[in-house]
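# Structural description and commentary
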Amino acid sequence: MRIGILGLGRIGAFHAETLCALDVVTSLVVADPLADAAKAAAERFGAEIADSPEALLAAGVDGLVVAAATDAHPALIRAGVEAGVPVFCEKPVARTMAEGMAVRDAVRDGTVPVQIGFNRRFDAGFAAAREAVRAGELGPLHTVRCTTLDPAPPPAAYIAASGGIFRDCSVHDFDVIRWVTGREVAEVYAVGGNRGAGYIGEAGDADTTGALLTLDDGTLAVVSNSRHNGRGYDVRMELHGFTDALAVGLDDKLPLRSAEAGVSFPAGPPHDFFMDRFAAAYRAELAAFTEVVAGERPSPCTVEDALEAGWIAEACTLSRREHRPVRLAEVRQA
């Protein structure tokens, strides 16, 4: 199949490399506002260059990968759907929930599938945890813990446009909690602080946060996030049930060291970047998209899924700002 890629920054170039390695992908068509980025991708991956999104969609592509800036997501998703081309778009759907709902309304009744990029759904550990929960191996859950700790904060310009740590970082934890447990979040209480880069606080954001989520069956989920983790990129999940307990992310590259004498785990070099930790998940995610394009499966992460994680982020943002619990029903819109 022939796949188009809009946006050739770090993640767009990585997606191009991944797609080239898939037997089912025969050619790529690429476009980027920066001509040098498009030229570099064309030379590296043997891709055709289109000088606009419209030209790319007119080039006979079977599927569209959107890795452009967030502001462009709504228009590019709609353009793909209107052209009858299945779309994969990196999260978020849009900068605001209102814009995201407008996209949802524009595509929900059509037959053209849209897949949003929440790569943890394609990580082998998270997938195994989901199967264990669904099979009842842990018994009823009572506690879930999720951690996403970045080794260093992104630049000030990124922070200013990110929408805040809950919308940009924690949202991955929120999505995977829903996906693994099969439950919805009923209420949140969130806090945050700034003890690192000054520009994060100046932007009205927090560099370190904690959120307590109450799920709709009473299970408690604790989410811990930070832009500063000196040992590396740390993503984990713990699931504690009345029968058993299970963890995701306890591998030899876990960026944590033990204080216990004689303990050698973890033995390997720590994960230091999200594309290191989730390289295989990104590949599986795009392989799944080619199956969506071929009509062999429905979208594994819909616009509606992405918006549900977004509402949790909205509730946490409000909770931190007003120092109070917030029920999802308070922020959710129809």
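Residues numbered from 1 in each chain as written. Predicted model: local features only at pLDDT ≥ 70, side-chain atom pairs only at ≥ 80, totals over all residues. Heavy atoms only, no water.

In the nomenclature of an unreviewed UniProt entry, the protein corresponds to Myo-inositol 2-dehydrogenase / D-chiro-inositol 1-dehydrogenase from the organism Streptomyces misionensis. UniProt lists a comment for the protein under the heading Sequence similarities (unreviewed entry), and it reads "Belongs to the Gfo/Idh/MocA family." (UniProt positions renumbered as here; feature names shortened; annotations may be inferred.)

Turning to the UniProt feature "domain: GFO/IDH/MocA-like oxidoreductase" (unreviewed entry) in the protein, a few remarks are in order. In the UniProt entry, the feature "domain: GFO/IDH/MocA-like oxidoreductase" (unreviewed entry) is given for residues 126–241. Across residues 126–241 one finds 32% helix and 35% strand; the C-alpha atoms that close the span lie 16 Å apart. (Helix = DSSP H or I, 4+ residues; strand = E, 2+ residues; numbered from the N terminus.)

This part covers the domain arrangement of the protein. Segmenting the protein into domains produces domain 1 (2–112) and domain 2 (121–277 + 308–333). Opposite the 7 residues of domain 1 that make contact, domain 2 presents 12 residues. Roughly 870 Å² of surface becomes buried between domain 1 and domain 2 when both sides are summed, with 69% attributable to carbon and sulfur atoms. Of all residues in domain 1, the largest losses of buried area upon contact with domain 2 belong to R10, K91 and M97, amounting jointly to 58% of the total for that side. At the junction of domain 1 with domain 2, the criterion picks out 1 salt bridge. Summed over the shared surface of domain 1 and domain 2, the result is 2 residue pairs in polar contact (both at pLDDT 80 or more). Those elements that provide at least two residues to the side of domain 1 that touches domain 2 are α1 (10–20) and α5 (97–107). Top contributing element to the side of domain 1 that touches domain 2 by residue count: α1, with 3 residues. The class makeup of the residues in the side of domain 1 that touches domain 2 is 4 nonpolar, no polar and 3 charged. (Domains from an automatic or database assignment. Contact = heavy atoms within 4.5 Å. Buried area = accessible area lost by both parts, 1.4 Å probe. Salt bridge = Lys/Arg side-chain N within 4 Å of Asp/Glu carboxyl O. Polar contact = N/O pair within 3.5 Å; in protein donor to acceptor, adjacent residues only side chain to side chain. Nonpolar A, V, L, I, M, F, W, Y, C, P; charged D, E, K, R; others polar.)

Looking now at a nonpolar patch on the surface. Together, Y189, V191, L212, L220 and V222 make up an exposed nonpolar region whose accessible area comes to about 370 Å². Tracing the backbone through its elements, the reader meets V191 in strand β8 (residues 185–193). Owing to a relative accessible area of 40%, V191 belongs among the partly exposed residues under this scheme. (Patch = residues over 30% accessible without salt bridge, like charges linked within 9 Å, V, L, I, M, F, W, Y side chains within 5 Å. Areas by Shrake-Rupley, 256 points an atom, 1.4 Å probe, with all protein chains shown as cover. Buried < 20%, exposed > 50% of the residue type's maximum accessible area, 1.4 Å probe, protein only.)

Let's shift gears to α1. Taking burial as the measure, the 11 residues of α1 include 8 buried ones, the bulk of the element. Along α1, the positions that sit buried rather than exposed are I11, G12, A13, F14, H15, A16, T18 and L19.

To continue, consider the pairing of strand β10 (residues 220–226). Pairing of strand β7 (residues 141–149) with β10 involves 7 bridges; the strand directions are parallel. If you follow T148 over to β10, its bridge partner there is N225. In terms of strand pairing, strand β9 (residues 208–215) meets β10 through 7 bridges, oriented antiparallel. Bridging from a neighbouring strand, T209 pairs with N225 of β10. Counted between consecutive antiparallel strands, the loop separating β9 from β10 contains 4 residues, among which G218 sits at a positive phi close to 95°. (Pairing = 2+ DSSP bridges.)

Next up on the list: the sheet that holds strand β4 (residues 63–66). One open sheet accounts for 6 strands, arranged β3-β2-β1-β4-β5-β6; its pairing is parallel. Across the chains shown, the open sheet's two edge strands, defined by having one partner strand only, are β3 (48–49) and β6 (114–117). Looking at chain direction, strand β5 (residues 87–90) and β6 are connected through 4 bridges and run parallel. Counted as the bridge partner of E90 is G117 from β6.

As a further point, take the UniProt feature "domain: Gfo/Idh/MocA-like oxidoreductase N-terminal" (unreviewed entry) in the protein. The feature "domain: Gfo/Idh/MocA-like oxidoreductase N-terminal" (unreviewed entry), as given by UniProt, occupies residues 1–118 in the numbering adopted here. The distance from the first to the last C-alpha atom of residues 1–118 is 23 Å, and the span holds 41% helix and 20% strand.

Core analysis: the largest hydrophobic core is formed by 77 residues, its most contacted members being I77, I116, L213 and M237. The element that contributes the greatest number of residues to this core is helix α12 (residues 303–322), accounting for 10 residues. When near neighbours in sequence (up to four residues on either side) are disregarded, L213 contacts F174, I177, V185, E187, V188, T219, L220, A221, V223, I312 and C316. Counting residues in each nonpolar core, the second largest holds 20 residues, with M1, L22, V25 and F88 among its members. (Core = buried A, V, L, I, M, F, W, Y, C linked by side-chain atoms within 4.5 Å.)

Attention shifts here to the pattern of salt bridges. In the structure shown here, the tally under the stated rule is 24 salt bridges. With a shortest N-O distance of 2.5 Å, R95 and D71 are connected by a salt bridge. One end of the pair, R95, is in the loop between β5 and α5; the other, D71, is in the loop between β4 and α4 (73–82), and 24 residues separate them in sequence. Owing to a relative accessible area of 36%, R95 belongs among the partly exposed residues under this scheme. Across the pair R297 and E291 runs a salt bridge, and its minimum N-O distance is 3.3 Å. Judged by its relative accessible area of 32%, R297 is partly exposed. Exposure remark for E291: the relative accessible area of 31% places this residue in the partly exposed category. One salt-bridge network, held together by shared partners, links K91, D150, D168 and R227.

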